[in-house]
Amino acid sequence: ALKDTNLALCESASKASNDFSGLLLLYSATGNAGGMEELAKAAEEGGKTNVAFVAYLLTGNVEACADLLISTKRLPDAAFFARTYLPGRVDEIVQLWKEDLSKISESAANALAMPSENPDLFPDQAFAMQVEQMFMAQRDAVKASGVPASDYPTAKDDLDLNLIELIKARGGGGAPPPPAAVAPPAPEPVTPVAVEEAPAVEAPVPEPEPEPAPTPSPAPSPPKPAAPAPPSPAVDESMDDDDAMFEDANAFVDSVAEEPPSPAAAPPVAPVESLDPAPAPAPPAAEEPKADDDDFGGDFGDDDW
């Protein structure tokens, strides 16, 4: 049927099979407002709340959208939906939300704000109520005839309008506008006064400090003269080694004989008696016989030695 563009047959088949999604596509494509309203009621009765919500929203039935959210216990969603499309029902829906939330947390329920109890948190509530009334009046005016599709190029720009700011600009009712800020008086112009410039005074140039005289370095001390080597004893080369030895021995004997005795001579030490027994006297040595000249076999003269 869709291939042959037999839309009537497609609609009948979708209704017979409860194809709510197909009907939603068909009615939105053909602009069938009456069929969309019937679809919203049928989808709600059939438990297809998603299709029913979209169908109600496309027909402008925002009250039915809010009631559908409340009936399905989507109270937070209903409160935010009413904040945008039904500001007149915000207090009602928020009160239902608080009662339901108090079963879980009393403190969280008390934290929810309402325009009637917290007007400072809803500064444009009065202007939003006026926008709601304007929307309802416009919806009822075009409900019978609808908006033709040819008006889409110009009607699409209405979606970007800020109706609250528009009402404020037209001076509508609602809360009194805040007093205009008083601009501070403009300062008086100051006439510039010519000021004589003082002659520039050159700063005195400080005199350079005299450099300190260089400290003379101490003169190097002359090297000490080397000690003279002791004179080596003169050796008479004419004497042989035996004569030199006898000469040295004679010189040593003479020096000892001439050396005076030490004035502080050590006191004599008394002999200590030995505790050992006295040794036995040694036997007298035997006298060796004297050799006579005859023992050598004759007399020897001086010349023989």
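Residues numbered from 1 in each chain as written. Predicted model: local features only at pLDDT ≥ 70, side-chain atom pairs only at ≥ 80, totals over all residues. Heavy atoms only, no water.

A. Fine view of the confidence of the model for the protein. Here the protein averages 74 in pLDDT, and 56% of its residues register 70 or above. For the protein, helix α12 (residues 241-258) is the element with the lowest average pLDDT, namely 57, and helix α5 (residues 62-71) is the one with the highest, namely 96. Considering only residues more than four positions removed or in separate chains, one finds that residues 175-184, a stretch of pLDDT under 50, has two contacts. Across residues 269-275 the pLDDT falls below 50, and counting only partners more than four positions away or on other chains, this stretch makes zero contacts in the model. (pLDDT = per-residue confidence, 0-100. Helix = DSSP H or I, 4+ residues; strand = E, 2+ residues; numbered from the N terminus. Contact = heavy atoms within 4.5 Å.)

B. Structural detail: the packing of α5 against helix α6 (residues 75-85). Viewed as axis vectors pointing N to C, α5 and α6 meet at an angle of 160°, and their least axial separation amounts to 8 Å. Relative to α6, the element α5 lies roughly antiparallel. When you trace α5 past α6, the crossing you get is left-handed. Contacts between α5 and α6 involve Val62, Cys65, Ala66, Leu69 and Ile70 from the former and Leu75, Asp77, Ala78, Phe81 and Tyr85 from the latter. Considered class by class, the residues forming the contact of α5 with α6 number nine nonpolar, no polar and one charged. (Axes fitted to C-alpha atoms, helices over the stretch in contact; angles between N-to-C directions. Parallel < 35°, antiparallel > 145°, perpendicular 65-115°, else oblique. Left-handed = near helix turned anticlockwise from the far one by under 90°. Nonpolar A, V, L, I, M, F, W, Y, C, P; charged D, E, K, R; others polar.)

C. Fine view of the packing of aromatic side chains. Overall, the coordinates contain three aromatic pairs when judged by the stated rule. A centroid spacing of 5.8 Å and a plane angle of 65° characterise the contact between phenylalanine 53 and phenylalanine 81, whose relative ring orientation is edge-to-face. Taken together, the positions of phenylalanine 53 in helix α4 (residues 49-58) and phenylalanine 81 in helix α6 put the pair 28 residues apart, joining distant regions of the chain. For phenylalanine 81, a relative accessible area of 9% gives the class buried. Here phenylalanine 81 and tyrosine 85 contribute two aromatic rings whose centre-to-centre distance is 4.8 Å and whose plane-to-plane angle is 35°, an arrangement assigned as tilted. Residue phenylalanine 81 and its partner tyrosine 85 are located together in helix α6, separated by four residues, close to a single helical turn. Tyrosine 85 sits in the partly exposed class, given a relative accessible area of 40%. Taken together, Phe53, Phe81 and Tyr85 form an aromatic cluster joined through their ring pairs. (Phe/Tyr/Trp six-rings, centres within 6.5 Å; stacked < 30°, edge-to-face > 60°. Buried < 20%, exposed > 50% of the residue type's maximum accessible area, 1.4 Å probe, protein only.)

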